[in-house]
Amino acid sequence: MNLKEKMDPVKIPEHIAIIMDGNGRWAKGKGKFRIFGHQNGVGTVKSITEAAAEIGVKYLTLYAFSTENWNRPKLEVRALMELLVDTMRKETPTLMKNNIRLSFIGNLNDLPEKCQKQLEQTMAETQNNTRMHLVLALSYSAKWDLVQAIKKIAVDTRNGKLKEDEINDQLIDKYLSTNWMPHPELLIRTSGEKRISNFLLWEIAYSELYFTDKLWPDFTKEDLYQAILDFQNRERRFGKTSEQISNQ
Ligand code: IPE
Ligand code: IPE
Ligand code: MG
């Protein structure tokens with residue numbers, strides 16, 4: 001039986017988040033410039049998006065550019081922005097054909113204007129697609145999101161729109177830029193690094209974490225199935241005992 005058939009179709013995570021890492025090392029290993037790795041990473045984005053939609057994932061969030069990534073060499077940042085605009089323009093028809101909606105989280109105002117325009121266009125064009133929601137985290141960091149949420153909560157509290165004792169777990173969820181999607185059940189990071197790098201801190205409070213040594217351009221559909229199988233074999237206890245879970 002192949003990996004795809006081994007997965008339990010009723011236990012496919014509704015939301016998978018991925019830290020796509022290792023493009024630079026992949027290129028370096030081939031004696032090429034880092035951007036060559038990013039270009040090849042786009043191919044993986046395409047195949048993983050397709051695979052996720054095929055097996056019934058509803059939300060796929062990909063960490064594409066972090067707040068901290070602005071500190072990379074200017075040339076790399078510019079090349080990444082161009083790659084983003086190009087890919088978005090070229091791939092919109094495929095998103096339409098596959099009925100996939102594209103959205104973004106992050107501080108989009110920081111992106112070059114040309115980039116913002118293309119994102120808005122693709123978002124608008126795909127907004128009625130229903131099969132899967134593909135979310136790109138761009139100029140995103142979890143701390144940025146928490147700061148903007150806390151500021152809004154402060155303003156609403158000062159204006160009397162919100163009472164202090166209404167501030168709870170669910171309310172904070174509502175002020176985050178991820179408020180329209182469920183928290184990810186599964187978080188994958190490629191490239192062997194075992195850290196979160198300021199991705200979805202609040203939302204992954206109870207996510208299952210999966211790390212693989214594969215570099216992002218080498219990550220395949222089979223690798224995604226493998227991560228899901230691993231996820232399906234875990235017991236998610238949410239603080240309870242194993243006995244409580246099996247009696248449910
Ligand atoms: C991930 O690959 C892509 C982005 C952060 C844009 P990297 O560019 O971080 O690749 P490594 O980690 O240097 O190999
Ligand atoms: C995390 O990767 C950000 C993205 C994948 C977009 P990095 O390669 O920037 O993370 P660090 O700096 O190694 O933690
Ligand atoms: Mg990296």
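Just so you know, these numbers come straight off a predicted model, no measurement behind them. (Residues numbered from 1 in each chain as written. Chains lettered and ligands numbered in written order. Predicted model: local features only at pLDDT ≥ 70, side-chain atom pairs only at ≥ 80, totals over all residues. Heavy atoms only, no water.)

**Q** Would you mind showing me how to read the overall build of the chain here?
**A** A tally of helices and strands in the chain yields nine helices and six strands. By the compact-globule yardstick of 18 Å for 248 residues, the chain fits well, its C-alpha radius of gyration being 19 Å. Reported as C-alpha extents along the three principal axes, the dimensions of the chain are approximately 55 × 50 × 35 Å. Relative to its full complement of 248 residues, the chain shows a buried share of 47%. Contacts in the chain between residues at least 24 apart in sequence constitute 77% of all its contacts with a sequence separation of at least 6. When the accessible area of the chain is evaluated, it comes to approximately 13400 Å², of which 51% is carbon and sulfur surface. (Helix = DSSP H or I, 4+ residues; strand = E, 2+ residues; numbered from the N terminus. Rg over C-alpha atoms; globule rule 2.2 N^0.38 Å. Buried < 20%, exposed > 50% of the residue type's maximum accessible area, 1.4 Å probe, protein only. Contact = heavy atoms within 4.5 Å. Areas by Shrake-Rupley, 256 points an atom, 1.4 Å probe, with all protein chains shown as cover.)

**Q** Hey, could you run me through the site of ligand 1 in this one?
**A** If you check the shell around ligand 1, you find Met 20, Asp 21, Gly 22, Asn 23, Gly 24, Arg 25, Arg 34, His 38, Ala 64, Asn 69, Arg 72 and Leu 80 and nothing else. Here an oxygen atom of ligand 1 and a backbone polar atom of Arg 25 are 2.7 Å apart. The separation between an oxygen atom of ligand 1 and a polar side-chain atom of Arg 34 is 2.8 Å. With the chains in place, 87% of the 380 Å² that ligand 1 exposes on its own is no longer accessible. Applying the majority rule of atoms within 2 Å of the grid points places ligand 1 in the largest pocket. Of all the elements in the fold, those that place two or more residues in the shell around ligand 1 are helix 2 (23–29) and helix 3 (34–55). When residues in the shell around ligand 1 are grouped by element, the largest group, three residues, is from helix 2. (Near = heavy atom within 4 Å. Polar contact = N/O pair within 3.5 Å; in protein donor to acceptor, adjacent residues only side chain to side chain. 1 Å grid on protein atoms, 1.4 Å probe; cavity = no way out; pocket = protein on both sides within 12 Å on 5 of 7 lines; lining within 4 Å. Sits in = over half its atoms within 2 Å of the grid points.)

**Q** Just to check I follow, could you spell out the site of ligand 2 for this structure?
**A** With respect to spatial proximity, the complete set of residues near ligand 2 consists of Ile 19, Met 20, Asp 21, Tyr 63, Ala 64, Phe 65, Ser 66, Asn 69, Arg 72, Arg 189, Arg 195 and Ser 197. Residue Arg 72 places a side-chain N or O atom 3.3 Å away from an oxygen atom belonging to ligand 2. Take Ser 197: an N or O atom from its side chain is 2.6 Å from an oxygen atom of ligand 2. Considering ligand 2 on its own, with 390 Å² of exposed area, one finds that the protein chains cover 77% of that surface. If you map ligand 2 onto the pockets, it falls in the largest pocket. Here the shell around ligand 2 gets four residues from one element, more than from any other, and that element is strand 2 (residues 59–66).

**Q** What am I meant to see in the packing of aromatic side chains here?
**A** By convention here, two paired aromatic rings are described through the distance between centres and the angle between planes. The full count for this structure, using the stated rule, is nine aromatic pairs. Ring centres of Tyr 140 and Phe 199 lie 6.0 Å apart, and the angle between their planes is 90°; on these two criteria the pair is classed as edge-to-face. Of this pair, Tyr 140 sits in strand 4 (residues 132–140) while Phe 199 is found in the loop between strand 5 (186–189) and strand 6 (208–211), placing the two residues 59 residues apart along the sequence. By relative accessible area, Phe 199 is classed as buried at 1%. Centroid distance Trp 216 to Phe 219: 5.5 Å. Interplanar angle 20°. Geometry classified as stacked. Taken as a pair, Trp 216 and Phe 219 share a single burial class, namely buried. Aromatic ring contacts, followed pair by pair, group Tyr 63, Tyr 140, Trp 144 and Phe 199 into a single cluster. (Phe/Tyr/Trp six-rings, centres within 6.5 Å; stacked < 30°, edge-to-face > 60°.)

**Q** What is the right way to look at the side chain of Thr 190 in this model?
**A** Examined against the element boundaries, Thr 190 turns out to sit in the loop between strand 5 and strand 6. Residue classification places Thr 190 among the buried positions, given a relative accessible area of 0%. Excluding residues that lie within four positions of it along the chain, Thr 190 makes contacts with Ile 19, Met 20, Asp 21, Thr 212, Lys 214, Leu 215, Trp 216 and Phe 219.

**Q** What's the story with helix 5 (residues 113–126) in this structure? I'm lost.
**A** An α-helical turn contains 3.6 residues, so any two residues separated by three or four positions project in the same direction. Taking 1.5 Å as the rise per residue, helix 5 with 14 residues should run 20 Å; its terminal C-alpha atoms sit 20 Å apart, in good agreement. Buried within helix 5 are the following residues: Cys 115, Gln 116, Gln 118, Leu 119, Thr 122 and Thr 126. When helix 5 is viewed along its axis, its buried side chains cluster within an angular range of 165° and face the same direction. In helix 5, the exposed positions angled more than 90 degrees off the buried face are occupied by Glu 113, Lys 114 and Lys 117. (Expected span 1.5 Å × (residues − 1). Arc of directions from axis to C-beta.)

**Q** For this particular structure, what's the right way to read the packing of helix 3 against helix 8 (residues 221–232)?
**A** When two helices pack together, their arrangement is given by the angle between their axes and by how far apart the axes lie. Running from N to C, helix 3 and helix 8 cross one another at 50°; their axes reach a closest spacing of 9 Å. Put simply, helix 3 runs oblique to helix 8. Considering only the axes of helix 3 and helix 8, their crossing is right-handed. Facing Ser 47, Ile 48, Glu 50, Ala 51, Ala 52, Glu 54 and Ile 55 of helix 3, the residues of helix 8 in contact are Lys 221, Leu 224, Tyr 225 and Ile 228. Residues that form the contact of helix 3 with helix 8 fall into these classes: seven nonpolar, one polar and three charged. (Axes fitted to C-alpha atoms, helices over the stretch in contact; angles between N-to-C directions. Parallel < 35°, antiparallel > 145°, perpendicular 65-115°, else oblique. Left-handed = near helix turned anticlockwise from the far one by under 90°. Nonpolar A, V, L, I, M, F, W, Y, C, P; charged D, E, K, R; others polar.)

**Q** Would you take a moment to explain the pattern of salt bridges for this structure?
**A** Oppositely charged side chains are able to pair whenever their charged atoms sit close together. This structure, assessed with the given rule, holds 17 salt bridges. Asp 223 is paired through a salt bridge with Lys 214; the nearest N and O atoms lie 2.8 Å apart. By relative accessible area, which is 16% here, Asp 223 ends up buried. Several salt bridges converge on common partners, so that one network encompasses Asp 21, Arg 25, Arg 189, Glu 193 and Arg 195. (Salt bridge = Lys/Arg side-chain N within 4 Å of Asp/Glu carboxyl O.)

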